[in-house]
Amino acid sequence: MGQVGWKGLCLSLFDYKTEKYVIAKNKKVGILYRVVQLSILAYLVGWVFVVKKGYQDSDTSIQSSVITKLKGVAFTNTSELGERLWDVADYVIPPQVSHHAFYHMPYLLQSSALQSTGIRDALCSKNRDCPAGEAVIAGNGVKTGRCLKVGSNTNGTCEILAWCPVEKKSKPKKPLLATAENFTVYIKNSIRFPKFKFSKTNVLNTDNDSYLKHCHYSAQHLYCPIFHLGKLVSWAGNNFQDMASEGGVIGIQIEWDCDLDKAASECNPHYSFSRLDNKFAEKSISSGYNFRFAKYYRDAEGVEYRTLIKAYGIRFDVMVNGKAGKFNIIPTIINVGSGLALMGAGAFFCDVVLLYLMKKSNFYRGKKYEEVKSSSRKSLPGGTANGNQNSESLATLEQLRQLQTVET
C-alpha cells in the first residue's frame, strides 16, 4: 500500500457515515409500523412503569416479628370435670410462640389414670412369649415378661405396664368451649425493609391507652389488629362450631405493599384468611387437627397420676409477606433503554414485511440497497517539461446521501 493509500485510510477514520432512509408510500406497512410502535409504548408506560413501577428499586427481604394474644373466659359444667372456669392459661398452647397460636377445645379422655400392670394386649402361651421391655405395637405400654392365663386355658395374654385406663377412641360430639366464638385474638406485626431502613407496625401509633381496649378490626380501624375468632373462621369460608369439633388450621396472611415515594401513612397492611388443612376430607381419618398432652400429679400416698387430654382445636398460622419500592435512576434508565430497543425491533419487523413478504419486495430491496463499485485508475504516457507525469483524470463514483421517495 502506497503513501497515498495510507493517507486515505487515516483520513477515513475521521469520516462520518449516516444511514440512508427510504420512505415507502405503503399504507399497510405504515399502519402496521404505527400499531407496533403504539403497542410497545403502551407496554412500556402502562405495564413497566405504572403497574410494575419499573422506575423504582425494590426490596422484598422483609424482616418481620409476630406476637399473638388470645383473650376470653368460658364456664363449663360436665360430668367429667364438673364446674370449671377456663381462661387463657387453660386453652392457649403454648403460652409463648412466634408466628402461630393454637386455641384448643379440650376433650378430656380420662380425668385421672394411675400406672398399672393390668392391661393385656398380646397373645401368649408362656412367659418367654412376652419379652420384658418390648413395646406393644398398639403403643399403650411395654411387656413385663409375664404371661397371664385365665383358669386352665393354655393361651393367655402378656401383662403390659401402661397407664390405665387406656385412651378412649370416641370423638367429641360438640366442642367443650362452644362460646369461644366470641373470644378475641390480638396479632401484633412489626416489619422492616433493611434496604430502605423503613420500619412500621400494624398497631396505631397513639398515646391513648384505652384505644386497644375498645376497638376491633374493621375497615375503619385498620390499625386495630384485634379479631373475633368466629369472624376469622367465617372469613376463611368455614363455620366456627363445625371446625371446632374436628379442629383445623387457619392461615392469616399479612401483606405489606409499600410505595416509599409516597407518605408512610400510605403503607398499610392487607389481611387475607384461608383454611390450610384439607377441609374437603371431613370423612377421612386424617381430617381436622388434634394432639395429646398430659398433666402429672401425685396423691397423698405418693402414687403418680396423670390427666390425659386429647385436644381438638384451631391453629392460627400467621404469614407475613411484603415488598417496598422507591425511585432510583438506574432501573429507570434500564427500562427506558429496553423500550427504545423494542422500538428498533418494531422497525426491523416492518422491514422484514416490506422486503420479503410484500408482492413488490424485489422493487423495495432494489431501492433500499445499492451496489457501488470502485472506479479503476490509468496512467497516460508522456510528461511535462518539468518531468512531471501527466495522468488521466480518474472517474469517481459518488453516492448522494439524499432522501429518496419511492412511490408504489
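Residues numbered from 1 in each chain as written. Predicted model: local features only at pLDDT ≥ 70, side-chain atom pairs only at ≥ 80, totals over all residues. Heavy atoms only, no water.

What follows concerns the state of the cysteines. Under the definition given, this model contains four disulfides. Here C124 connects covalently by a disulfide to C147, the sulfurs 2.0 Å from one another. Its torsion about the S-S bond being 95°, the disulfide of C124 and C147 is classed as right-handed. With C124 in strand β7 (residues 100-124) and C147 in strand β8 (residues 141-148), this residue pair connects regions lying 23 residues apart in the sequence. The same class applies to C124 as to C147, namely buried. Through a disulfide, C258 is tied to C267; the S-S separation comes to 1.7 Å. The exposure class assigned to C258 is buried, which follows from its relative accessible area of 3%. Using a relative accessible area of 2% as the deciding quantity, one classes C267 as buried. (Disulfide = S-S within 2.5 Å. Helix = DSSP H or I, 4+ residues; strand = E, 2+ residues; numbered from the N terminus. Buried < 20%, exposed > 50% of the residue type's maximum accessible area, 1.4 Å probe, protein only.)

On to the UniProt feature "glycosylation site" (unreviewed entry) in the chain, then. The feature "glycosylation site" (unreviewed entry), as annotated in UniProt, sits at N182 in this numbering. Structurally, N182 is set in the loop between β9 (156-164) and β10 (184-193). (UniProt positions renumbered as here; feature names shortened; annotations may be inferred.)

Over its 29 residues, helix α7 (residues 329-357) runs 41 Å from end to end, which matches the ideal 42 Å to within 8%, given 1.5 Å per residue. Residues of α7 that are buried include every one of P331, T332, G339, G346, C350, V353, L354 and L355, and no others. As for α7, its buried residues are in contact with β1 (22-24), α2 (27-51), β2 (56-59), β16 (304-327) and α8 (361-368). A side-chain oxygen of the first residue of α7 lies 3.0 Å from the backbone nitrogen of I330; this N-cap is N328. (Expected span 1.5 Å × (residues − 1). Contact = heavy atoms within 4.5 Å. Polar contact = N/O pair within 3.5 Å; in protein donor to acceptor, adjacent residues only side chain to side chain.)

Let us look at the packing of α7 against α8. To describe two helices that pack against each other, one gives the angle between their axes and the distance between the axes. In the contact formed by α7 and α8, the axes pass within 6 Å of each other and the chain directions differ by 115°. Contacts between α7 and α8 involve D351, L354, L355 and Y356 from the former and S361, Y364, R365 and K368 from the latter. Per-class residue counts for the contact of α7 with α8 are four nonpolar, one polar and three charged. (Axes fitted to C-alpha atoms, helices over the stretch in contact; angles between N-to-C directions. Nonpolar A, V, L, I, M, F, W, Y, C, P; charged D, E, K, R; others polar.)

As a further point, take the UniProt feature "transmembrane region" (unreviewed entry) in the chain. Mapped onto this structure's residue numbering, the UniProt feature "transmembrane region" (unreviewed entry) falls at residues 31-50 and 336-358. Taken end to end, residues 336-358 is 96% helix and 0% strand, and its two terminal C-alpha atoms sit 32 Å from one another.

Let's shift gears to the packing of aromatic side chains. Considering all chains together, one arrives at 11 aromatic pairs under this definition. Note on Y217 and Y271: the rings are 5.0 Å apart at their centroids and 70° apart in plane angle, and the pair reads as edge-to-face. With a gap of 54 residues between them, Y217 in the loop between α4 (211-214) and β12 (226-228) and Y271 in strand β14 (residues 269-275) connect regions that are remote in the sequence. Of the two residues, Y217 and Y271, both sit in the buried class. (Phe/Tyr/Trp six-rings, centres within 6.5 Å; stacked < 30°, edge-to-face > 60°.)

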